[in-house]
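Commentary on secondary and tertiary structure
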Amino acid sequence: MERMLLNIGPSHPAMHGTIQIKVELDGERVIKADVEIGYLHRGFEKTAENRTYIQIVPYTDRLNYVSPLLNNLAYAMAIEKLLGIDVPPRAKWLRMIFAEISRITDHLTCIAPIGMELGAFTVFLYMIKAREFLWDVLDATTGARLTTSYIRIGGVKADVPENFGELLKKAIEEVKKAVKDVGGLLSKNPIFLKRTRDIAIVSQSDALNYGFTGPVLRSTGYYYDVRKAFPYLYYDDVDFDVPLGENGDNYDRYMVRMREIEQSIRIIEQAFKKIEKGPVREKEGLIEAYEAIKASQRGEYLEGKLKLGPNLEGMEKETYESIMANVPEYVPPPKEDLYRTIEGMIRHFKLIMSGHGIRPPKGEVYIPIEGGNGELGFYIVSDGTDKPYRVHLRAPVFSIMSALGKMIEGYYVADVIPTFASINMIGGELDR
Amino acid sequence: MEWVIAVAVKVIVIFTWALLTVLYITLLERKESAVIQDRIGANRASILGLRLNGFFQPYADALKMFFKEDYTPPFVDKPFYYLAPLVSIVFALIPVGAVPVADSIGLFGRKFPLSVIGSNVGVVLILSLLSLAVYGVIFGGYGSRNKYGVLGGMRGTAQAISYEVAIGLSLVGVLMVFPSLDLNEIVHLQNRYILGGWVPLWGIFLQPLAAVLFLIAGMAENKRVPFDIPEGESEIIGYFLEYSGMKFGMFFVADFVEILLLAALFTTFFLGGYNLPWLFTEGFHFPWGGSLAMSPIIVRIVQFVTFNIKLWIMIWFLLLVRWTYPRYRFDQLMDLGWKSLVPLSIFNILITAAVMVVIR
């Protein structure tokens, strides 16, 4: 019987993130699949070699663009390790909250297309709607929905806004509702079970051999979560479970992600208790920033506190140490100093200007964190200059994508797309 | 001569009604999916600033379809490519004409059925026309000269052919309890009452299993989620992926016409058609003894409204299923058809026959 060679992608409605899958079909059955990656290659690693350490932070937003804060976190932690600086506790709790929010957005963005690829478009919209509320939280805190650059070397950019608690509560309610609704629509739906159970099974040994991590590995029943295996931040101090699957099929991958959302909510709730009582900020009698700058240009120094923009709260002098490590040579100065004193200005310039900047000692570092899709790690080699000698991103989906061809062989062409959706391929992270 | 004019008027009126209904099915689909998905839905189209919450949207959509560039790819197989949308819509629309929207009236001394095709073999006619509609899918998929299109066409053909068996077999049970092939006669036979005249003898009460089977098979024939295998917008895009402009629009409209057809057929076979309970040709006869005389024309109008209400309830249900379920896979769909629906239909025929023998 003649076989048909079918090109799925890179321009195909279901190939989010431009991937090409060349499948050889016998009727509708996939005999051979060849997965072609690299259509979104932007040369992140090479670019990073030509940027200072601080300049790289915004690039990391664009890696896994559905959970940018996790990339920020992984990068910042690697550099901090290289520099040997410690982050203040409040900043760590904030990092944890935002890491878990990002994990939820990541999982929501994975489950939504699983539904959509199977024809359940309503599921897609429910999940994306819930994600909007989480992005409202990010927007209010970091000033951006996607290009956050919030977690920086030495701490976090700013403290949370005053209405953070309300926003977070609302977002968590919406996520819970979406998870419940989608669970009701899919988890026990006979058609969904038929379409996902025993489809694209990965055995535990295969998963380990391919270097799977994250939800896809855990769906095979293997207990490995960086947050438990090599705890970072305060993951030791919070209660959460690591959901495991059994078969490693599409349904388990879906289910593990659904249950991880609940666990992430648990972590957020515990972490939020620790930062609930933030520093009290004054509202009255503040000096506008531009006035302070003008005065400093005249050589005057305006006494009093500065009024900062809504996304810069916490960068005042008193509270700065609660969100940024107190190492003047590696972190930018508080805004009061920057706007009003020449010393602050110089300190800021020395960090930002090319040719100055952070100069970590010679050495190499690898720090893994648990990203949305698995172990996300930065391997950074420093040669003692202000630019890294080498930056490598260990992208979790890279190893998973290497097995996609094997995963879909022997199944139907209709299973290719849901399987592809279930591993949550993110082009920016995969192709870098 | 008067007769010919009367027939022409009937044809125009009924097809206008059908196409208007189809237009508003598209609006209902947009609105219903919007409510399900927490959105507002189309509400911007306006005439002289009058929006009426999307009332004019279907006309705007239709106009847009007409004015879109109608591009024919150079590699297509032209005769099949051009024929496919036509076949799809024509063979979806003609069966609608066989469905009686109200009881027949006497005109110029002859019986004047209120359906375009007042045939006495309406059921067979509808089934055969439905079978022809599959050529639209085959031609579209094959004529597109596109691998995805061919896959879609193959899937659609297999699906349509196997589900026609289920549709036919599930209707056999109905034809056994209402022994006629004339749709109007089948509707008439559902205007009988049991249990002291309280419960109408609708098909759904006499043939509940057949009703479920017919509905499922009909939805599969309709080729929409959860049975939109030939389309599978996220997998193979569908047999019509090389079409654009109004040619695509005709496939699109054919889909909605099939919704109307399925709803109309289900209403006719199982929900008593145009019958309002206790309404007879000369007016109401209530089971508690009361009665209300009405002129034949008023009765026809009431019947037409009743038919439309039932129709829209069915359409609402079909759209609800479409927006809440995921899609089957090709082989699973075949399993469902051949291993569940067909055996169950045969089982239904046997049970019906056994019960009829016992009752007699």
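Residues numbered from 1 in each chain as written. Chains lettered and ligands numbered in written order. Predicted model: local features only at pLDDT ≥ 70, side-chain atom pairs only at ≥ 80, totals over all residues.

So, about the interface of chain B and chain A. Contact with chain B, which involves 22 residues of that partner, is made by 24 residues of chain A. The element that contributes the greatest number of residues to the side of chain B that touches chain A is helix H11 (residues 330–359) of chain B, accounting for 3 residues. Residue composition of the side of chain B that touches chain A, by class: 9 nonpolar, 5 polar and 8 charged. (Contact = placed C-beta atoms within 7 Å. Helix = DSSP H or I, 4+ residues; strand = E, 2+ residues; numbered from the N terminus. Nonpolar A, V, L, I, M, F, W, Y, C, P; charged D, E, K, R; others polar.)

All names here are of chain A. The first and last C-alpha atoms of helix H4 (residues 89–117) sit 42 Å apart over 29 residues, in line with the 42 Å expected at 1.5 Å per residue. Most of H4 sits out of view: 28 of its 29 residues are buried. Glycine 119, located one to two residues past H4, shows a positive phi value of around 95°. (Expected span 1.5 Å × (residues − 1). Buried ≥ 20, exposed ≤ 12 C-beta atoms within 10 Å, placed from the backbone.)

Right, let's get into the sheet that holds strand E2 (residues 20–26) of chain A. All names here are of chain A. The antiparallel open sheet is built from 3 strands, whose spatial order is E1-E2-E3. Each end of this open sheet is capped by a strand with a single partner; those strands are strand E1 (4–8) and strand E3 (29–36). When the angles between neighbouring strand axes are averaged without regard to direction, this sheet yields 20°. The sheet contact formed by E2 and E3 spans 7 bridges and is antiparallel. Each residue of the ladder has a partner; that of glutamine 20, found in E3, is glutamate 36. Packing against the sheet, helix H18 (residues 413–422) makes contact with E1, E2 and E3, and its axis sits at approximately 155° to E2. (Pairing = 2+ DSSP bridges. Axes fitted to C-alpha atoms, helices over the stretch in contact; angles between N-to-C directions.)

Residue and element names in this part refer to chain A. As assigned here, chain A comprises domain 1 (51–278 + 360–389) and domain 2 (287–352). When each unit is reduced to the centre of its C-alpha atoms, the spacing between domain 1 and domain 2 is 32 Å. Domain 1 puts 18 residues into the contact, and the matching count from domain 2 is 17 residues. Listing elements by their share of the side of domain 1 that touches domain 2, those giving two or more residues are H4 and strand E5 (155–156). In terms of residue count, the dominant contributor to the side of domain 1 that touches domain 2 is H4 (3 residues). Class assignment of the residues belonging to the side of domain 1 that touches domain 2 gives a composition of 11 nonpolar, 4 polar and 3 charged. (Domains from an automatic or database assignment.)

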